[in-house]
Amino acid sequence: MAKNTVLTLKKKVDEGGKVTMVTSYDYTMAALTEQAGIDMILVGDSLGMTMMGYDSTLPVTMDDMVHHTRCVTRACDNTFVVGDMPFGSYQTDVPSAVTNAARLMKEGRCQAVKLEGGATVCEQIRAMVAAGIPVVGHIGLTPQSVNAFGGFKVQGKSADAAKQLVEDALAVEAAGAFSIVLECVPADLATYVTSKLTRAFTIGIGAGNGCDGQVLVVQDMLGMTTGGFKPKMVRQFAQIGNAVVDAFRAYDEAVQSGDFPAAAESYKIDPDVMDQVKRSF
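Presented here is an overview of the structure given in this document. (Residues numbered from 1 in each chain as written. Predicted model: local features only at pLDDT ≥ 70, side-chain atom pairs only at ≥ 80, totals over all residues. Heavy atoms only, no water.)

1. Remarks on the packing of helix α8 (residues 159-175) against helix α9 (residues 187-196)
Part 1: It is at 10 Å that the axes of α8 and α9 come closest, and there the two elements cross at 30°. Looking at the two axes, α8 sits roughly parallel to α9. In the crossing of α8 with α9, the sense of the turn from one axis to the other is right-handed. Listed contacts from α9 to A162, L165, V166, A169 and L170 of α8 are L189, Y192, V193 and K196.
Part 2: Considered class by class, the residues forming the contact of α8 with α9 number eight nonpolar, no polar and one charged. (Axes fitted to C-alpha atoms, helices over the stretch in contact; angles between N-to-C directions. Helix = DSSP H or I, 4+ residues; strand = E, 2+ residues; numbered from the N terminus. Parallel < 35°, antiparallel > 145°, perpendicular 65-115°, else oblique. Left-handed = near helix turned anticlockwise from the far one by under 90°. Contact = heavy atoms within 4.5 Å. Nonpolar A, V, L, I, M, F, W, Y, C, P; charged D, E, K, R; others polar.)

2. Thoughts on helix α2 (residues 27-36)
Part 1: Here α2 has its buried residues at M29, A30, T33 and E34. For α2, the arc enclosing every buried residue in end-on projection is 140°, short of the 170-degree limit, so these residues lie on one face. Set apart from the buried face of α2 by more than 90 degrees, the exposed residues are T28, Q35 and A36. (Buried < 20%, exposed > 50% of the residue type's maximum accessible area, 1.4 Å probe, protein only. Arc of directions from axis to C-beta.)

3. Thoughts on the packing of aromatic side chains
Part 1: On inspection of all chains with the given rule, the structure shows three aromatic pairs.
Part 2: Where F80 meets F178, the ring centres are 5.8 Å apart and the plane angle is 70°; that geometry is what we call edge-to-face. Of the two residues, F80 sits in strand β3 (residues 80-84) while F178 sits in the loop between α8 and β6 (179-183), which places them 98 residues apart along the sequence. Take F80 and F178: they sit in the same class, and that class is buried.
Part 3: Each ring, one from Y251 and one from F260, has its centre 6.1 Å from the other, and the planes form 65°; the classification is edge-to-face.
Part 4: Taking the relative accessible area as the measure of exposure, Y251 reaches 51% and is therefore exposed.
Part 5: Three or more aromatic residues joined by ring pairs form one cluster here, namely F80, F178 and F201. (Phe/Tyr/Trp six-rings, centres within 6.5 Å; stacked < 30°, edge-to-face > 60°.)

4. Section: the sheet that holds strand β5 (residues 135-140)
Part 1: The strand order around the closed barrel built from eight strands is β1-β2-β3-β4-β5-β6-β7-β8, with neighbouring strands paired in parallel fashion. This sheet shows a mean twist of 25° between the axes of neighbouring strands, independent of strand direction.
Part 2: Relative to strand β4 (residues 112-114), β3 is paired through three bridges, and the arrangement is parallel. From the neighbouring strand, D84 faces β4, where its bridge partner is K114.
Part 3: Packing of α8 onto the sheet brings it into contact with β5 and β6, and relative to β5 it is tilted by some 175°. (Pairing = 2+ DSSP bridges.)

5. Some words on the nonpolar core
Part 1: Counting residues in each nonpolar core, the largest one holds 56 residues, and the members touching the most others are V113, M128 and L182.
Part 2: Residue contributions to this core peak at six residues, all from α8.
Part 3: With 16 residues, the next largest nonpolar core counts V19, M21, V82 and I203 among its residues. (Core = buried A, V, L, I, M, F, W, Y, C linked by side-chain atoms within 4.5 Å.)

6. Section: the pairing of β3
Part 1: The buried count for β3 comes to five of five residues, which makes it a mostly enclosed element.
Part 2: Burial along β3 is two-sided: F80, V82 and D84 and V81 and G83, pointing in opposite directions, are all buried.

7. Observations regarding the environment of C110
Part 1: Inspection of the secondary structure assignment puts C110 in the loop between α5 (94-108) and β4.
Part 2: In this structure the C-alpha to C-alpha distance between C110 and T73, which are 37 residues apart in sequence, comes to 6.4 Å.
Part 3: Apart from residues lying up to four places away in sequence, C110 is in contact with T69, T73, V81, G83, L104 and M105.

8. Focus: the pattern of salt bridges
Part 1: Following the criterion strictly, the structure yields seven salt bridges and no others.
Part 2: Note that K114 and D84 form a salt bridge whose closest N and O atoms lie 3.0 Å from each other. Taken as a pair, K114 in strand β4 and D84 in strand β3 lie far apart in primary sequence, 30 residues in all. Residue K114 shares its accessibility class with D84, and that shared class is buried.
Part 3: Across the pair R103 and E107 runs a salt bridge whose closest N-O atoms are separated by 3.1 Å. Here the residue R103 and the residue E107 both occupy positions in helix α5, the gap between them amounting to four residues, near one helical turn.
Part 4: Judged by its relative accessible area of 25%, R103 falls in the partly exposed class.
Part 5: Of the residues examined, E107 reaches a relative accessible area of 31% and is grouped as partly exposed. (Salt bridge = Lys/Arg side-chain N within 4 Å of Asp/Glu carboxyl O.)

9. Quick notes on a nonpolar patch on the surface
Part 1: Together, I269, V273, M274, V277 and F281 make up a nonpolar patch on the protein surface, roughly 490 Å² of accessible area in all.
Part 2: Relative to the helices and strands, M274 resides in helix α12 (residues 271-279). (Patch = residues over 30% accessible without salt bridge, like charges linked within 9 Å, V, L, I, M, F, W, Y side chains within 5 Å. Areas by Shrake-Rupley, 256 points an atom, 1.4 Å probe, with all protein chains shown as cover.)

10. Things to note about the packing of helix α6 (residues 122-130) against α8
Part 1: In contact at an axis separation of 8 Å, α6 and α8 are set at 25° when each is read in the N-to-C sense. One way to sum up the angle between α6 and α8 is to call them roughly parallel. For the crossing formed where α6 meets α8, the hand is right-handed. Of the residues in α8, those in contact with C122, I125, R126 and V129 of α6 are A171, V172 and A175.
Part 2: Taken together, the residues of the contact of α6 with α8 break down into six nonpolar, no polar and one charged.

Next up, the structure:
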């Protein structure tokens, strides 16, 4: 498997292929993702909810993102790793945005950063790209703005909102982003946005199959979430959560019954040595 880069990913799209991306937040999951041949990993600030137990992504810090991104990149020789810019790390001013993005690249060792927003963050995108930092944009439902949106809702459903989304996509592309995530956008609108872009390729999540690629949160797609909630945009490709619970229960039962550990899972000592020990007491 060849190493994925900005150029190879764009080449794949230009030749009619689709880019695949999943989230990963630790070494083990990233290693499995690499083994499967997935093109891209997003170390998403969604880790605030999936790994840290928050009810949103807002509490996630730069230190959190650097730590988890570093864990992921240690496992990846070929997979293209994107580190998420957390809330507050790029919205305040352009110099801080570039400094934080550079830190995520330098300390996290990722190949690109992602930030949410349309025209309002284009100045930051331009500055990052000028500093040699590849950028993935993110428009539509942007979870860091969940309070402004009044919850997790589909975006771009009215004519004005749809036009704004197209304008934001074009602005983010013009600012230099090489890819744009479209989240919770009507399928026809996402397909239209994709057709209007000439340099950046789109990655959809809840945006239909007309995008150039797809991304899913790994806990969602593997059935590892608790509480039974499954967003409409998620397909569960396995039920790993149930398998884990079954394994834990089987382990508990084996320990309680004395079946585990068995002789095959235990270490031996020479009987003469054991006799000497016993005679000493």
